[in-house]
Amino acid sequence: QVQLVESGGGLVQAGGSLRLSCAASGRTFTGVIMGWFRQAPGKQREFVAALNWFRDSSYYADSVNGRFTISRDNAKNTLYLQMNSLNFEDTAVYYCAENLIGGTYSSGYNYWGQGTQVTVSS
């Protein structure tokens, strides 16, 4: 059963921007930490960004820090990932994830979406 639904992926030229969205499927967010991950072909899934829902604090991987911004809209119960200055290395399937118990921002997530493809062309 799908717990999270991502949207907003697509094809963008290098240097461009995209905003990804994540919404709970038939429920509201209950996780302590919400996160974004990505997986490129032939590579392991890697952490991108996370937000502590209660503290409203964010964390970023070094590879995206300064270019990506994670945020939320409480009224819409939606999580966002604003991606700026995109480059070829950002090409991947991006996943939204929900951590129900907290602890760390890069692991221990319980719910996952099916992913949305982001392709950056030169």
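Residues numbered from 1 in each chain as written. Predicted model: local features only at pLDDT ≥ 70, side-chain atom pairs only at ≥ 80, totals over all residues. Heavy atoms only, no water.

Draft legend 1. Here's a closer look at the packing of aromatic side chains. Within this structure, the stated rule accounts for seven aromatic pairs. Geometrically, the ring pair formed by phenylalanine 37 and tryptophan 112 is tilted, given 4.9 Å between the ring centres and 55° between the ring planes. With phenylalanine 37 in strand E4 (residues 33–39) and tryptophan 112 in strand E10 (residues 111–112), this residue pair connects regions lying 75 residues apart in the sequence. Judged by its relative accessible area of 3%, phenylalanine 37 is buried. Each residue in the set Phe37, Phe47, Tyr59, Tyr105, Tyr109 and Trp112 is aromatic and connected to the rest through ring pairs, giving one cluster. (Phe/Tyr/Trp six-rings, centres within 6.5 Å; stacked < 30°, edge-to-face > 60°. Helix = DSSP H or I, 4+ residues; strand = E, 2+ residues; numbered from the N terminus. Buried < 20%, exposed > 50% of the residue type's maximum accessible area, 1.4 Å probe, protein only.)

Draft legend 2. Main features of the environment of glutamine 114. Tracing the backbone shows glutamine 114 in the loop between E10 and strand E11 (116–121). The exposed category is assigned to glutamine 114, whose relative accessible area is 62%. Sequence separation between glutamine 114 and serine 7 is 107 residues, and the spatial gap between their C-alpha atoms is 9.9 Å. Each residue touching glutamine 114, except ones within four places of it in the same chain, is listed here: Val2, Leu4, Glu6 and Tyr95. (Contact = heavy atoms within 4.5 Å.)

Draft legend 3. Region of the structure containing the state of the cysteines. Per the stated rule, a full pass over the model turns up one disulfide. Bridging cysteine 22 to cysteine 96, the disulfide has an S-S length of 2.0 Å. Because the sign of the S-S torsion sets the handedness, a value of about -75° for the bond joining cysteine 22 and cysteine 96 places this disulfide among the left-handed ones. In this pair, cysteine 22 is assigned in strand E3 (residues 18–24) and cysteine 96 in strand E9 (residues 92–99), connecting sequence segments 74 residues apart. (Disulfide = S-S within 2.5 Å.)

Draft legend 4. Layout of the side chain of asparagine 52. Looking at where asparagine 52 falls in the secondary structure, it is placed in strand E5 (residues 46–52). Accessibility expressed as a relative area gives 8% for asparagine 52, which makes it buried. Within the structure, the side chain of asparagine 52 is placed 2.9 Å from the backbone nitrogen of arginine 55, a separation counted as a polar contact. Residues in contact with asparagine 52, not counting those within four places in the same chain, are Val32, Ile33, Ser57 and Arg72. (Polar contact = N/O pair within 3.5 Å; in protein donor to acceptor, adjacent residues only side chain to side chain.)

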